[in-house]
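Given next are the chains, with one letter for each unit.
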Amino acid sequence: MVYAKFELGRSFLVRAEHDSDLVQFVTELAEKEEITVATFTAIGALKRAKLEFYDQEKHEYHEITLDSPQEIASCVGNISVKEGKPFVHAHAVLADKNGNTKAGHLLEGIIFAAEVHLRELKGAKLERKYDKVTGLALWETE
Amino acid sequence: MVYAKFELGRSFLVRAEHDSDLVQFVTELAEKEEITVATFTAIGALKRAKLEFYDQEKHEYHEITLDSPQEIASCVGNISVKEGKPFVHAHAVLADKNGNTKAGHLLEGIIFAAEVHLRELKGAKLERKYDKVTGLALWETE
Amino acid sequence: MVYAKFELGRSFLVRAEHDSDLVQFVTELAEKEEITVATFTAIGALKRAKLEFYDQEKHEYHEITLDSPQEIASCVGNISVKEGKPFVHAHAVLADKNGNTKAGHLLEGIIFAAEVHLRELKGAKLERKYDKVTGLALWETE
């Protein structure tokens, strides 16, 4: 069981920038505020998005492109360190004008309007390292 | 980048009231406990619900009515101040008896049973003001 | 209105164990760390899963079996005490290779890879007791 204990640090409520990419936006906030470990949730709406599904056999991502406006019905993510820099990992459930959903790993989401609650976690190191079994970069602790 | 920093205040675990509306219920809890900024998550089940999709071109909401029982597969929301009062903004993913989903902005959800974790945030003001670009009431800080 | 106030305790970021069951895994972590009240979120991927829908008329669960790999697009859950032991209640939104979703009460989810943020809550007792109106074990406070 790989896990690390933290104290909760600062909490940020953020109005994400219209026309920016949600993943990139959270990454830049982490860099600016020197946050290395955190979790976040977001709600709002996207102009368009790219989701991904990870093929557990072939160890490769399969892209799902959504070219129409979507509600961010849910977005849950975390920040940890990968190759020395803050790395954002987020999953999202998106909904179209009829309430129908597509969901998965959030690769890119161009913001119409979005509200993010970012919670900094302090006290331990958490770094992503290559994991042979899954082919993913997963958490290791020291 | 519009954002505010907070310390986490009180945390509330709440069993929401059977037959009440989830959005109204959280609003009343905020008023009763004098909470002006918070985020929350909820899981449970609804008897029926109304979701909304925001038309990014026309700047108007489109309603999606669900008249059958639904699991609250996810509900993520926040509380901030709008026109001097606590205002609840929530998005939800709902699932029917076959696990099929509808999702969007939660306008109304009549509770069968629901469990809410509300996290108070202290230290900054956060108020919704009309935003011309999106037509929405978005966060401004002082 | 049944609710309890808490202070936030320890926070855990956990890499859940490949091939274990997510619900069982969180239960074991709670037992190991002596956590009786908490909430959590998780993202990642499952090899297969069982979801449930609660029939609000008949007061019985209806099972939805997913035998293919799924992204955990969202998982929101809590821990409280039931019959003297930590009890995990979780809902999930799962997405297949095309981004199509199934969602509901998470009965079982065999982990490919999953990242859990568990937040301990301290200061009050929260116990599940049988509720006649819904047929469910819901929160009671002292």
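For the structure, see preceding data.
Structural notes, computed from the coordinates. (Residues numbered from 1 in each chain as written. Chains lettered and ligands numbered in written order. Predicted model: local features only at pLDDT ≥ 70, side-chain atom pairs only at ≥ 80, totals over all residues. Heavy atoms only, no water.)

Description of helix 1 (residues 22–32) of chain B
All of the buried residues in helix 1 of chain B are Leu-22, Val-23, Phe-25, Val-26, Thr-27, Leu-29 and Ala-30 of chain B. Directly beyond the C-terminal end of helix 1 of chain B, a positive phi value near 55 degrees is found at Glu-34 of chain B. (Buried < 20%, exposed > 50% of the residue type's maximum accessible area, 1.4 Å probe, protein only. Helix = DSSP H or I, 4+ residues; strand = E, 2+ residues; numbered from the N terminus.)

Points about the pairing of strand 5 (residues 85–95) of chain C
Both faces of the sheet carry side chains from a regular strand, because those side chains alternate between them. All names here are of chain C. Of all eleven residues in strand 5, nine are buried; the element is thus mostly enclosed. In the sheet, strand 4 (residues 70–82) pairs with strand 5 via eleven bridges, with the strands oriented antiparallel. Counted as the bridge partner of Ser-74 is Val-93 from strand 5. Taking the residues between adjacent antiparallel strands as the criterion, strand 4 and strand 5 are bridged by two residues, where Glu-83 takes a positive phi near 50 degrees. For strand 5 and strand 6 (residues 101–122), the ladder comprises five bridges, and the chain directions are antiparallel. Within strand 6, the position partnered with Leu-94 by the bridge is Lys-102. Between strand 5 and strand 6, which follow one another and run antiparallel, lie five residues, and Gly-99 among them has a positive phi close to 85 degrees. (Pairing = 2+ DSSP bridges.)

As for the relation of the copies chain A and chain B
Mapping chain A onto chain B calls for a screw motion: a turn of 120 degrees about the axis and a shift of 0.0 Å along it, with 0.0 Å RMSD after fitting. The operation mapping one copy onto its partner corresponds to a three-fold rotation axis. A distinct binding surface is used by each copy, with only 13% of the interface residues of chain A retained as interface residues in chain B. (Least-squares fit on C-alpha atoms with pLDDT ≥ 70 in both. Contact = heavy atoms within 4.5 Å.)

Honestly, that's just the spatial picture; any functional story needs more than this.
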